Every structure is written in structure tokens, then in C-alpha cells.
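# Working through the structure, step by step
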Amino acid sequence: MTALVVVSHSDPDSLTQHVARATADAIRATGGEVDIADLGVENFDPRFSEADLDLFRGNGSAPADVVAEQKRIDRAEHLILVFPMYWWSMPALLKGWIDRVFVSGWAYEFTPGSEFVKKLDRLTVHLIPVAGDDAESFERHGVYEAFRTQIERGIVEYCGATMGSTTFVHESDTKSRDTLAAEIRDLSESIAARVAGLASAVAR
Ligand SMILES: Cc1cc2nc3c(=O)[nH]c(=O)nc-3n(C[C@H](O)[C@H](O)[C@H](O)COP(=O)(O)O)c2cc1C
């Protein structure tokens, strides 16, 4: 599989879901193989359970639902996360997916006294956050910088994956449908080109 699109939004008619479908369609149009993981529809449980904690502490093994997600990511070269910005970050459902799935032993190897090993170096990650606010406000409040620190560096690069691109959709609740449609077409084609190996620069 070329790409796995992970989407976190409870409304199938939302802009976020539309962006996820458009991106998957654009990748298919370039001949890529793509799977969509709709975390809400699939009822992924984002709660960090006792079993997850045991694993983090070096005991037991990963729960079956976590292993299933890891296998799905293992089949992809590109991981594309599509989500609405909630409180300058990602929704709890997606954050819980990362907390539970990107664990020691699979995403990285941390053993006290040994060298830290990043294990996702075969994966390229693309982020598509959909935000109600505008770009000027994000810049002024340092949201882009926070996003780079917490998500690009703190999660993606921490595990050794390559940051492919981050493309914000801004003013999601206020821009005209036509403007948003044009933006979504451009961003989905741009990501599809990157996934197909036709472009490499990081967009913002
Ligand atoms: C709980 C919650 C928190 C939100 N926090 C932010 C935020 O921090 N920054 C922002 O720009 N928009 C924020 N929004 C607005 C959403 O990002 C926006 O409504 C969404 O992107 C619209 O796309 P959708 O149709 O896919 O839901 C928030 C919305 C909700 C429901």
C-alpha cells in the first residue's frame, strides 16, 4: 500500500472528512494504493488502558487493536493525518490513537542504559490540520511554532519518520465553498504528487 489516510471527525459531511476523501482520491488518480482509517467509524478506543500502561512500563504485550493499527501503518509508505484543530492541537481521538499506537518496541526502542532507537525511518508523514482561525492569528500566537515543536518534532521526528508536508486549511468555517474547494483540490494534488515522488518540499 502506498498511503494510509487517518481521519478523525465524527461528521461524514464535515470539511475534514471531505479533505481526507479528496486526498485519497488524488493519490488513487496518480496510481497509488490508499487505505482510509476513519477512527470514529471504526470505533477506535483512544483511552490509554492498563494494558497500554503495562506495555509502556516494559511488561506484557501490545493490545490486539493496537497491533492491528501498527500493521496497517507498516503496510504504508506514507501516513497522512487529517484532523480539525481543537484547542490549537489535534482532537482527543487522534491523540489517543497516537498515544496507544506509537509505542516503545514499534515506534521507537527505549531501554534504560541502551541507545535510543528510532524505528519509523521507512515512513513519511503528512499532516493536514483544518482550522477555524486564520493564518495571521496562528503566526501571531505562535501556533505554527508550537505545532512544529509538539507534533512534527515531538511525535513524527521523535520516531524517526520523515516529515513530508504540513498543509493547514484555514478559516474552515468562514471561507466560501468555492475558495475551500479550490484549496482542497490544490492541497490534495500536491500531497498526491509528493506521495508519487514528484515533489519533496515542505509546504505550509
Ligand atoms: C472543541 C473545538 C475546539 C476548537 N479549537 C480550535 C482552535 O484551537 N483553533 C482553530 O483554529 N479552530 C478551532 N476549532 C474550530 C475547528 O477547527 C473548525 O470548526 C473545523 O476545522 C471545521 O472543520 P469541520 O467542518 O471539518 O469540522 C475548534 C472546534 C472545536 C469543536
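In this text, all values refer to a predicted model and were calculated from it rather than measured experimentally. (Residues numbered from 1 in each chain as written. Predicted model: local features only at pLDDT ≥ 70, side-chain atom pairs only at ≥ 80, totals over all residues.)

Attention now moves to the packing of helix α3 (residues 64-74) against helix α4 (residues 92-101). Contact geometry for α3 and α4: axes closest at 9 Å, N-to-C directions at 95°. Here α3 is positioned roughly perpendicular relative to α4, judged by the angle of their axes. Across the interface between the two elements, V66, E69 and Q70 from α3 touch W97, R100 and V101 from α4. (Axes fitted to C-alpha atoms, helices over the stretch in contact; angles between N-to-C directions. Helix = DSSP H or I, 4+ residues; strand = E, 2+ residues; numbered from the N terminus. Parallel < 35°, antiparallel > 145°, perpendicular 65-115°, else oblique. Contact = placed C-beta atoms within 7 Å.)

Let's shift gears to the nonpolar core. If you look at the biggest cluster of nonpolar residues, it comprises 52 residues, and the most contacted ones within it are V5, V6, L79, I80, L81, V82 and I128. Aside from chain neighbours lying at most four places away, what touches I80 is A3, V5, V6, T23, H126, I128 and I191. (Core = buried A, V, L, I, M, F, W, Y, C linked by C-beta atoms within 7 Å. Buried ≥ 20, exposed ≤ 12 C-beta atoms within 10 Å, placed from the backbone.)

Those places that UniProt annotates as "domain: Flavodoxin-like fold" (unreviewed entry) correspond, in this numbering, to residues 1-188. The straight-line gap between the two end C-alpha atoms of residues 1-188 is 18 Å; of that span, 40% is helix and 18% is strand. (UniProt positions renumbered as here; feature names shortened; annotations may be inferred.)

Most of strand β6 (residues 124-130) is tucked away, with seven of its seven residues classed as buried. Residues T124, H126, I128 and V130 point to one face of β6 and V125, L127 and P129 to the other, with burial holding for every one of them. For strand β3 (residues 78-84) and β6, the ladder comprises seven bridges, and the chain directions are parallel. Bridge pairing links V82 to I128 in β6. Note: β6 against strand β7 (residues 162-166), four bridges, orientation parallel. Each residue of the ladder has a partner; that of H126, found in β7, is S165. (Pairing = 2+ DSSP bridges.)

Per-residue pLDDT for the protein chain has a mean of 95; in total, 97% of the residues score no lower than 70. Long-range and interchain partners of residues 200-204, a stretch whose pLDDT sits below 50, account for ten contacts in this model, where long-range means more than four residues apart. (pLDDT = per-residue confidence, 0-100.)

The end-to-end C-alpha separation of helix α7 (residues 177-195) is 26 Å, in line with the 27 Å expected for 19 residues at 1.5 Å each. Among the residues of α7, L180, I184, L187, S188, I191, A192, R194 and V195 are the ones counted as buried. The buried residues of α7 occupy one face: seen down the axis, they fall within an arc of 155°. Residues of α7 that are exposed and point over 90 degrees away from its buried face: D178, T179, A182, R185 and D186. In the core, the buried residues of α7 are packed alongside β1 (3-7), α1 (15-29), β3, β6 and β7. With its phi angle positive at about 85°, G197 sits one or two positions after the end of α7. (Expected span 1.5 Å × (residues − 1). Arc of directions from axis to C-beta.)

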